[in-house]
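# Architecture at a glance
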Amino acid sequence: MFDIGFPELVLISIVALLILGPERLPDAVRTMALWVGRIRRSYAKLRNEIENEIGADEIRAQLRNEEIMKELEESRTIIKETIQDTGNLVNSAGDDIQEEVDQLDKSLSNRKNVSQKKSE
């Protein structure tokens, strides 16, 4: 965050030790840590409040719903194509069966005609 490395921390510690002295330095570090914690908590709280105001949760939920709707639409398209393919197969099979029936009718008609001619 502040881009402070180890050498800078050592320099700050030495300066703090010289200014505050060894008796007050631990108290100063505790107080500093307390303030840093409070600032972080305040920042997190403020961030949550801003996100709630903006409606980030609603936006995330809406995006998720849009993803689900897209998946459902893709599934619907696949199912529709599958049903159409199945219908085409059934129609084709029905046409083949009708042709077979027509051929059997012709064959039976021919046999009937032949047997009628023989009996005459």
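See the structure above.
So, a few notes on the structure that sits alongside this text. Because the structure is predicted, anything quoted here is derived from the model rather than measured. (Residues numbered from 1 in each chain as written. Predicted model: local features only at pLDDT ≥ 70, side-chain atom pairs only at ≥ 80, totals over all residues. Heavy atoms only, no water.)

Okay, the overall build of the protein chain next. Scanning the protein chain for helices and strands turns up two helices and zero strands. In terms of overall size, the protein chain is more extended than a compact globule, its C-alpha atoms giving a radius of gyration of 43 Å where 120 residues would be expected to give roughly 14 Å. Looking at the protein chain as a whole, 3% of its 120 residues are labelled buried. Only carbon and sulfur atoms are counted for the fraction: they give 59% of the accessible area of the protein chain, which is about 11,400 Å². Side chains of the protein chain give 17 positive and 23 negative charges; the mean places of these two sets differ by 4 Å. (Helix = DSSP H or I, 4+ residues; strand = E, 2+ residues; numbered from the N terminus. Rg over C-alpha atoms; globule rule 2.2 N^0.38 Å. Buried < 20%, exposed > 50% of the residue type's maximum accessible area, 1.4 Å probe, protein only. Areas by Shrake-Rupley, 256 points an atom, 1.4 Å probe, with all protein chains shown as cover. Lys, Arg positive; Asp, Glu negative; His and termini not counted. Charge placed at Lys NZ, Arg CZ, Asp CG, Glu CD.)

A few words on the packing of aromatic side chains. If you walk through the whole model with that rule in mind, you get zero aromatic pairs. Sitting over the ring of tryptophan 35, arginine 38 keeps its end group 5.3 Å from the ring centre. (Phe/Tyr/Trp six-rings, centres within 6.5 Å; stacked < 30°, edge-to-face > 60°. Lys NZ or Arg CZ within 6 Å of the ring centre and 35° of its normal.)

This part takes up the layout of surface pockets. In this structure, the largest pocket encloses a volume near 370 Å³. Taken together, 13 residues line the largest pocket, and the ones lying closest to its centre are Leu9, Ile12, Val29, Met32 and Ala33. Considered class by class, the residues forming the lining of the largest pocket number 12 nonpolar, one polar and no charged. (1 Å grid on protein atoms, 1.4 Å probe; cavity = no way out; pocket = protein on both sides within 12 Å on 5 of 7 lines; lining within 4 Å. Points joined across faces, edges and corners; volume = space filled by probe spheres on them. Nonpolar A, V, L, I, M, F, W, Y, C, P; charged D, E, K, R; others polar.)

This structure, assessed with the given rule, holds four salt bridges. The partner of arginine 47 in a salt bridge is glutamate 51, and the shortest N-O contact between them spans 3.6 Å. Here arginine 47 and its partner glutamate 51 are both found in helix α1 (residues 6–54), four residues apart, which amounts to about one turn of the helix. Among the ionic pairs, glutamate 73 bridges to arginine 76, the shortest N-O distance being 3.2 Å. Of this pair, glutamate 73 and arginine 76 both sit in helix α2 (residues 56–119), three residues apart, roughly one helical turn. On the basis of relative accessibility, which here comes to 52%, the residue arginine 76 falls in the exposed class. (Salt bridge = Lys/Arg side-chain N within 4 Å of Asp/Glu carboxyl O.)

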